[in-house]
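The chain contents come next:
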Amino acid sequence: MNQSPIDCALVYDFDGTLAAGNCAEHGLFPALGIEDADAFWSNVTAQAKERDGEQILTYLGELALAARNADRKEELRPERLRIHGAEIKLFPGVRDWFQRIDAFAAKQGLNIAHFIVSSGLEDMILGTPIAHHFRQVFACRYHYDQDTGHAKWPSVAINYTTKTQYLFRINKGIANRWDDAAVNQYIEADQRPFPFRRMIYFGDGDTDIPSMKLVKQQGGFSLAVFDENHWQKKTTRDKIGKLIAEDRVSYVVPGNYTRGSQLDVTVKGLLQLFRRKT
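Residues numbered from 1 in each chain as written. Predicted model: local features only at pLDDT ≥ 70, side-chain atom pairs only at ≥ 80, totals over all residues. Heavy atoms only, no water.

Asker: What should I look at first to understand the sheet that holds strand β7 (residues 251-254) in this one?
Answerer: Two strands in a sheet stick together by hydrogen bonds in their backbones, pointing the same way (parallel) or opposite ways (antiparallel). The seven strands are arranged β4-β3-β2-β1-β5-β6-β7 in an open sheet whose pairing can be described as mixed. Each edge of the sheet is formed by a strand with only one pairing partner; in this case those strands are β4 (151-156) and β7. The mean inter-strand angle of the sheet, taken between neighbouring strand axes irrespective of direction, is 25°. Pairing of strand β1 (residues 6-12) with strand β5 (residues 199-203) involves four bridges; the strand directions are parallel. (Pairing = 2+ DSSP bridges. Helix = DSSP H or I, 4+ residues; strand = E, 2+ residues; numbered from the N terminus. Axes fitted to C-alpha atoms, helices over the stretch in contact; angles between N-to-C directions.)

Here's what the structure looks like:
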């Protein structure tokens, strides 16, 4: 008698994990007249510090301010963000990664659900050619004025700690962002659709540390992904060294999703481990 496939979750950050750099820098920044990305992010940090505010809310606010100042408020509408999202440069192998890894998992008796948990802009991610592979995309979004269609304020802002909330939403099978009661409801670990022990988290930076640690502590695996083109930068090497030294990650892999790459082989090995441990 054939056994039913075993469900497992692959959860990805987006910026720096599936794609190079910050997604807003691709298409959207030029459309808003933002020529110096480093200066923009430095200003976000300075403004958050001055206001004693939250970084992600500050960046969403500064984007809206830049759109208003440039008289390009329409660029933040969902349809325009999706057009800009199509310009995002994905890491090697990402486009066909999902189909390949799904096929491999099926041979192991596993059924993979892919998720995004990101501080990037949801509609930009939904504009990428890989968007249809995700069961759910949890990312930042705006609330829009019903009359003008312009962004009024952030309706969802996901930072480094709120990412863990969305891991629990995935873990418990909650597809929305608003139901806090469901997130806090007690469910036996074995009764949850995606137990942490069958979850792999992919991330690249400081905003992923709590999520990496949570998944690893709960019996799953966390992968630190880095841009191969930036390995020679001391900041990249120091960041990776710190993640290892502080026991945040299970494995460190270059952001190369092609067949036979280190990332590809590592994930396939973990999926086989999921099969044997079940």
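Continuing now.
Asker: What is the right way to look at unusual backbone geometry in this model?
Answerer: Most peptide bonds are trans, and most residues other than glycine sit at a negative phi. Positive phi values are uncommon outside glycine, yet Asp52 reaches one of about 55°. Mapped onto the elements, Asp52 comes out in the loop between α2 (37-51) and α3 (55-69). Exposure remark for Asp52: the relative accessible area of 72% places this residue in the exposed category. A positive phi angle, close to 55°, is found at Asp71, a residue other than glycine. (Buried < 20%, exposed > 50% of the residue type's maximum accessible area, 1.4 Å probe, protein only.)

Asker: Quick question: what am I supposed to make of the environment of Leu65 here?
Answerer: With respect to the helices, strands and loops of the structure, Leu65 is situated in helix α3. When the C-alpha atoms of Leu65 and Leu32 are compared, they prove to be 9.8 Å apart, with 33 residues separating the residues in sequence.

Asker: Help me understand the packing of aromatic side chains in this model?
Answerer: Each aromatic ring pair is specified by the distance between its two centres and by the angle formed by the two planes. Following the criterion strictly, the structure yields 15 aromatic pairs and no others. Seen from their ring centres, Trp97 and Tyr257 are 5.4 Å apart, and the 75° between their planes marks the pair as edge-to-face. Highlighted residues: Trp97 in helix α5 (residues 94-107) and Tyr257 in the loop between β7 and α11 (262-277), separated in sequence by 160 residues. Take Trp97 and Tyr257: they sit in the same class, and that class is buried. Relative to Tyr166, the ring of Phe138 has its centre 5.0 Å away and its plane inclined at 40°; by these criteria the two rings are tilted. Highlighted residues: Phe138 in strand β3 (residues 134-144) and Tyr166 in helix α7 (residues 162-172), separated in sequence by 28 residues. (Phe/Tyr/Trp six-rings, centres within 6.5 Å; stacked < 30°, edge-to-face > 60°.)

Asker: Even after reading the chapter, I still don't get the nonpolar core, so can you show me in this structure?
Answerer: Side chains that are nonpolar tend, in soluble globular proteins, to be buried together. If you look at the biggest cluster of nonpolar residues, it comprises 58 residues, and the most contacted ones within it are Phe14, Leu63, Trp97, Leu121, Phe202, Val267 and Leu271. Counting 25 residues, the second-largest nonpolar core is a separate cluster that includes Phe115, Val117, Leu167 and Val215. (Core = buried A, V, L, I, M, F, W, Y, C linked by side-chain atoms within 4.5 Å.)

Asker: Just checking my understanding: could you explain the environment of Arg248 for this structure?
Answerer: For Arg248, the location among the structural elements is in the loop between α10 (234-245) and β7. Judged by relative accessible area, Arg248 falls into the partly exposed class, the value being 24%. For the pair formed by Arg248 and Gln191, sequence separation is 57 residues and the distance between their alpha carbons is 27 Å. In contact with Arg248, not counting residues within four places along its chain, are Ile209, Met212, Lys213, Lys216, Ser222 and Leu243. Of note is the side chain of Arg248, whose polar atom sits 3.1 Å from the side chain of Glu246. (Contact = heavy atoms within 4.5 Å. Polar contact = N/O pair within 3.5 Å; in protein donor to acceptor, adjacent residues only side chain to side chain.)

Remember, this is a structural readout, not a statement about activity or role.
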